[in-house]
Amino acid sequence: GLPSRRAIEEALPQLNGTFTIAMVDIDHFKRFNDRHGHAAGDQALRMVASELARISAGGKPYRYGGEEFAIVFPATTVAEARKALDSVRRAIADRRFAIRAPDRPRRKPSKPRAARKPPNLISLTVSIGLAGSGDKRFTPDAVLRSADRALYRAKKAGRNRVMATGDRKA
């Protein structure tokens, strides 16, 4: 339900002045998909997208590709965006969801099924990198690339964290 990569590519040239861009990646998503299947992976993507859609500080999330998302914060500093991003990171990590059973009916049955064992609740984490226009990277494309580099540093530092350009440690 989030705008696509093409939508963010159209939005980037409109940015000017102070803005911040964040790149968000689901940690160990390939392993999750391999273990639980692509249908569960789709369910996980929808869960993460629904949490990102609630981002504060004026952020607008986009599906960037695969398990990666971008969030654009027009007229927002890195410090303001970091607060909102850390909050959404925690919300994703704290959220538990059940993998839908393969035999789950598409429509709600008229009679409830007999009780089965409780569902296996799982959780995900995300790593986030962010950069702002005031970090000597004034073009939106350059800020996006810088946020992507910060994302990879967050992953290297242990995942499930927010790292901004210039952060040396988690």
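Residues numbered from 1 in each chain as written. Predicted model: local features only at pLDDT ≥ 70, side-chain atom pairs only at ≥ 80, totals over all residues. Heavy atoms only, no water.

With mixed pairing, the five strands of this open sheet are ordered in space as β2-β3-β1-β6-β7. In the strand order of this sheet, the two ends are held by β2 (60-65) and β7 (162-164), each with one partner. Averaged over all neighbouring strand pairs, the angle between strand axes comes to 20 degrees, with direction disregarded. When strand β1 (residues 19-26) meets strand β3 (residues 68-74), the two strands line up antiparallel, connected through seven bridges. Bridge pairing in β3 places Thr20 opposite Phe73. (Pairing = 2+ DSSP bridges. Helix = DSSP H or I, 4+ residues; strand = E, 2+ residues; numbered from the N terminus. Axes fitted to C-alpha atoms, helices over the stretch in contact; angles between N-to-C directions.)

Here we take up the packing of aromatic side chains. What the rule picks out here adds up to two aromatic pairs. On the numbers, 6.5 Å between centres and 45 degrees between planes, the contact of Phe32 with Phe97 is tilted. In this pair, Phe32 sits in helix α2 (residues 29-36) while Phe97 sits in strand β4 (residues 97-98), placing the two residues 65 residues apart along the sequence. With respect to class, Phe32 is no different from Phe97; both count as buried. Clustering of aromatic rings is evident, with ring pairs tying together Phe29, Phe32 and Phe97. The ring of Tyr64 is capped by Arg5, whose NZ or CZ atom sits 4.0 Å from the centre of that ring. (Phe/Tyr/Trp six-rings, centres within 6.5 Å; stacked < 30°, edge-to-face > 60°. Buried < 20%, exposed > 50% of the residue type's maximum accessible area, 1.4 Å probe, protein only. Lys NZ or Arg CZ within 6 Å of the ring centre and 35° of its normal.)

Here we take up unusual backbone geometry. Positive phi outside glycine occurs at Ala75, with the angle close to 50 degrees. By the secondary structure assignment, Ala75 is in the loop between β3 and α4 (78-94). Residue classification places Ala75 among the exposed residues on the basis of a relative accessible area of 66%. Unusually for a residue other than glycine, Asn160 sits at a positive phi of about 50 degrees. Within the element layout of this structure, Asn160 appears in the loop between α5 (140-156) and β7.

Quick look at the packing of helix α3 (residues 38-52) against α4 now. One way to put it is that α3 packs onto α4 with a least axis distance of 10 Å and a crossing angle of 145 degrees. The two elements α3 and α4 meet at a crossing, and its hand is right-handed. Where α3 approaches α4, its residues Met47, Val48, Glu51 and Leu52 are matched on the opposing element by Val88, Ala91 and Ile92. When its residues are assigned to classes, the contact of α3 with α4 shows six nonpolar, no polar and one charged. (Left-handed = near helix turned anticlockwise from the far one by under 90°. Contact = heavy atoms within 4.5 Å. Nonpolar A, V, L, I, M, F, W, Y, C, P; charged D, E, K, R; others polar.)

Spatial relationships are all this shows, so hold off on functional conclusions.
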